Amino acid sequence: SCRISSDGKPAKFQPPPKPIIIDRQKQREERRFLSPEFIPPRGRTDPHKFYIERKDMIQRRKVFNIPEFYVGHILAVTTADPYANEKANRFVGICIQRGGKGLGATFVLRNVIEGQGVEIRYELYSPRVQAIEVLKLEKRLDDNLMYLRDALPEYSTFDVNMKPVSHLDHEEIPVNKLQVRMKPKPWSKRWERPKYNIKGIKFELPEKKMKEAQKWSQPWLEFDMLREYDTSKIEEKIWKEVNEELKK
Amino acid sequence: SITGACRAIQKLTRVRVVDNSALGNTPYHRPPKCIHVYNKTGVGKVGDTILLAIKGEKKKALIVGHKMPGPPMTPRFDSNNVVLIEDNGNPIGTRIKTPIPYILRQREGEFSKVLAIARNFV
């Protein structure tokens, strides 16, 4: 039967809408993540040393899966411990810092258990770690969450038995723009000073203190050419190399 | 505490008593302080015994956690934790709620009674 519009005349032929094809494979490849410990530090050491180290790192990654994670993710790490029950020790916490380069790359997990704040530094490539699970994918506004030590303990408490929050592969990692409230001063470091450049704290200090902290700002550092270290080209080379090796 | 970066435990460090003993939990106008570390170096780490001055009395104690970062894979606590102990190694309290590092299990012989009253391990 032909469609009749309100005028009584037959309606113009409308072709069906084209199906929208979302190529998930392409989107996944487009989002490149190279773990920061692969990027060699700036220095005068022979690049061959980093090449050999990278080969060892890739060997370890083939045997043991190290997931992609950033500072602010909630991880659960099981390590082999001769003194623990069932020889395995599980710790859940928020990643507050990622340091070290090459095989000595570390990350620090923090959690508050029974009112006591605990931080553990784990080595990514240590044979003692048996499993790293990402429970919640969530980036924060800063690269370094050391200020959580001086924040109210509610911001560092995470349930030890929390279920992993599902995350689709192709979606972008959400950024949590949480502004953390701090304990009263004194803090372990003067986080209001511009050298730390922290955006994730809700400073409830008087305006006078904030202005006084700006006295220590060094605006010329941004333009210092000797401190520049452009890693984009190095990253691309290493990314290709690492991908080829992992696919073998 | 008011001091800045606190390292491992030595003489005159203020500590936090973690068990549920009466000596450790009754309030006093002075915090419990370390007056001697039973160690060749004067620095106490996890598993060392120290002498504590609490409420005008001297008492031995066992260090179960400090603010100083130790070897990787070991926990670092936000306060210097200590468990009150007798001269023969018997703990005075009956329960320890705060988490204790697994490293102490290495010296099961000396600390078996303390580990028996501990609830959580890290």
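Residues numbered from 1 in each chain as written. Chains lettered and ligands numbered in written order. Predicted model: local features only at pLDDT ≥ 70, side-chain atom pairs only at ≥ 80, totals over all residues. Heavy atoms only, no water.

**As for the overall build of chain A**
When you go through chain A residue by residue, the secondary structure sums to four helices and seven strands. What you see in chain A, going N to C, is helices and strands ordered as α-α-β-β-β-β-β-β-β-α-α. Relative to the 2.2 N^0.38 estimate, which gives 18 Å for 248 residues, the radius of gyration of chain A is 25 Å and therefore markedly larger than a compact globule would have. C-alpha extents for chain A along the principal axes are approximately 80 × 55 × 50 Å. When each of the 248 residues of chain A is scored for burial, the buried share is 35%. Taking the intrachain contacts of chain A between residues at least 6 apart in sequence as the baseline, contacts between residues at least 24 apart amount to 65%. (Helix = DSSP H or I, 4+ residues; strand = E, 2+ residues; numbered from the N terminus. Rg over C-alpha atoms; globule rule 2.2 N^0.38 Å. Buried < 20%, exposed > 50% of the residue type's maximum accessible area, 1.4 Å probe, protein only. Contact = heavy atoms within 4.5 Å.)

**Concerning the interface of chain A and chain B**
With 22 residues of chain A at the interface, the matching set in chain B holds 18 residues. Interface area for chain A against chain B, summed over the two sides, is near 1,800 Å², with a carbon-plus-sulfur share of 55%. A per-residue breakdown of the area chain A buries against chain B is headed by A:Tyr83, A:Glu114 and A:Gln116, which together make up 37% of the total. Note that B:Asp78 and A:Arg110 form a salt bridge whose closest N and O atoms lie 2.9 Å from each other. Our enumeration of links across chain A and chain B arrives at nine residue pairs in polar contact (both at pLDDT 80 or more). Of all the secondary structure elements, the ones that give two or more residues to the side of chain A that touches chain B are β2 (88-99), β3 (106-113) and β4 (116-123) of chain A. The element that contributes the greatest number of residues to the side of chain A that touches chain B is β4(A), accounting for eight residues. (Buried area = accessible area lost by both parts, 1.4 Å probe. Salt bridge = Lys/Arg side-chain N within 4 Å of Asp/Glu carboxyl O. Polar contact = N/O pair within 3.5 Å; in protein donor to acceptor, adjacent residues only side chain to side chain.)

**Topic: the sheet that holds β3(A)**
Spatially, the six strands line up as an open sheet ordered β5(A)-β1(A)-β2(A)-β3(A)-β4(A)-β5(B), and their pairing is antiparallel. Only two strands of the sheet have a single partner each, and these edge strands are β5 (129-136) of chain A together with β5 (75-77) of chain B. Neighbouring strand axes in the sheet, compared pairwise and without regard to direction, differ in orientation by 35° on average. Relative to β2(A), strand β1 (residues 74-80) of chain A is paired through seven bridges, and the arrangement is antiparallel. By the bridge assignment, A:Thr79 is partnered in β2(A) with A:Asn89. (Pairing = 2+ DSSP bridges. Axes fitted to C-alpha atoms, helices over the stretch in contact; angles between N-to-C directions.)

**Focus on the confidence of the model for chain B**
Chain-level statistics for chain B give a pLDDT mean of 90 and a share of 94% at 70 or above. For this predicted complex, the interface confidence score (ipTM) comes to 0.89, while the overall pTM stands at 0.85. (pLDDT = per-residue confidence, 0-100.)

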